[in-house]
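Each chain, written out:
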Amino acid sequence: MRTSALLEVKGLSKVYPNGYEALNDISFSVRGGEFICIIGRSGAGKSTLLRCINGLIPISGGSIRIDGTDISALNENEKLLLRRRIGFIFQEFNLIERVSVLHNVLTGRLGYINDFCAAIGYFNRSHREKALWCLQRVNMVQRARYRADRLSGGEKQRVAIARALAQEPLILLADEPVANLDIELTWGIMEDLRAVAREENVPILVNIHDLETAKQCADRIIGIARGRIVYDGAPTGLTSGILQEIYQSDSAPVRYTTTNSESLLPATSGVLGG
Ligand SMILES: Nc1ncnc2c1ncn2[C@@H]1O[C@H](COP(=O)(O)OP(=O)(O)OP(=O)(O)O)[C@@H](O)[C@H]1O
């Protein structure tokens, strides 16, 4: 396992344009091979955190370093290049339904081919071999020629993992990857993700609602409540007191800021984030 941090988040805050403060002073670092589950109530800020890390939304304060690079310091082109090395796995799989499984995984190689080849959809032998290897990695190589819309939910998520692996990611983020799957498939997908983290030495951050699955599968749990980290440690350290803090419903009011002139909300605090 790599010992230096691949992801370093320091003092991160995120205020949405309406003034809602979704993340406040978030700090943690992640090493290669770690399999981390992020838990918290609905609205705690889990998705916002992943979207900040992969640059989908701008951050409001603090810093995010990926493999030593501060993402805020990058220009748009550099951000795009870095984002190609960040795998993202979605709850809804986000496959191209009407094309083959192999083609879907090859889209993970788009960052490695030139514009002309991308425009005509040409991937040379080495890219195809890489895509097949990624499918093999999640036991889906036998479905390479299937159309994606013929697959079951669990199979689709495996293909999505293979596609993310094809990116040769520095880090893998997964936002509720098992929310649409039954318990048996959930375990299979979580096991696949954990194996990928360990064997490929890629850190994986998974947002997950199901506490029991998180506790069983994760090496490390980050608990978020009202946009702040309230726990960061081994699953075994989650006491009932900490869980209450993470999942309590009588949350303290979340602040709205008045820094943005487009704010539609009053200057005072007092509305819960859910
Ligand atoms: N574009 C936005 N503008 C304003 N507020 C937003 C926006 N997106 C999210 N929020 C708010 O930020 C808070 C955190 O949302 P986020 O989606 O990160 O929570 P979450 O923990 O992932 O929840 P869930 O588990 O339900 O997906 C929520 O209160 C949400 O309503």
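Calculation criteria
- Residues numbered from 1 in each chain as written.
- Predicted model: local features only at pLDDT ≥ 70, side-chain atom pairs only at ≥ 80, totals over all residues.
- Heavy atoms only, no water.
- Helix = DSSP H or I, 4+ residues; strand = E, 2+ residues; numbered from the N terminus.
- Buried < 20%, exposed > 50% of the residue type's maximum accessible area, 1.4 Å probe, protein only.
- Contact = heavy atoms within 4.5 Å.
- Areas by Shrake-Rupley, 256 points an atom, 1.4 Å probe, with all protein chains shown as cover.
- Core = buried A, V, L, I, M, F, W, Y, C linked by side-chain atoms within 4.5 Å.
- Pairing = 2+ DSSP bridges.
- Axes fitted to C-alpha atoms, helices over the stretch in contact; angles between N-to-C directions.

Caption draft 1: How the structure looks around the overall build of the protein. If you tally the helices and strands in the protein, you get nine helices and ten strands. By the burial criterion, 49% of the 274 residues in the protein qualify as buried. Summarising the internal contacts of the protein: among those between residues at least 6 apart in sequence, 70% fall at separations of at least 24. About 12,900 Å² of surface is accessible on the protein, with carbon and sulfur atoms providing 48% of the total.

Caption draft 2: Here's a closer look at the nonpolar core. Leu-135, Met-190, Leu-193, Val-206 and Leu-238 are the most contacted members of the largest nonpolar core, which totals 51 residues. Here the element with the most residues in this core is helix α6 (residues 153-166); it accounts for seven residues. Contacts of Met-190, omitting those with residues within four sequence positions, involve Phe-35, Cys-37, Val-178, Val-206, Ile-208, Thr-213 and Cys-217. If you look at the next biggest cluster of nonpolar residues, it comprises 31 residues, including Val-30, Cys-52, Ile-66 and Ile-86.

Caption draft 3: Main features of the sheet that holds strand β4 (residues 61-66). Reading across from one edge, β2-β1-β4-β5 is the order of the four strands in this open sheet, with antiparallel pairing throughout. Bordering the open sheet on either side are β2 (21-31) and β5 (69-70), each of which pairs with just one other strand. Here two bridges tie β4 to β5, and the two strands are oriented antiparallel to one another. Residue Ile-66 lies in a different strand from β5, and its bridge partner there is Thr-69. The strands touched by helix α1 (residues 46-53) are β1 (5-15), β2 and β4; relative to β2, the strand with the most contacts, the crossing angle is about 60°.

Caption draft 4: Fine view of the sheet that holds strand β8 (residues 204-207). With respect to topology, six strands assemble into an open sheet ordered β6-β7-β8-β3-β9-β10, the strand pairing being mixed. The open sheet has two edge strands with one neighbour each: β6 (86-89) and β10 (228-233). Along the sheet, successive strands turn relative to each other by an average axial angle of 20°, direction set aside. The sheet contact formed by strand β9 (residues 220-225) and β10 spans five bridges and is antiparallel. Paired with Ala-225 across the strands is Arg-228, a residue of β10.

That is the geometry; function is a separate question.
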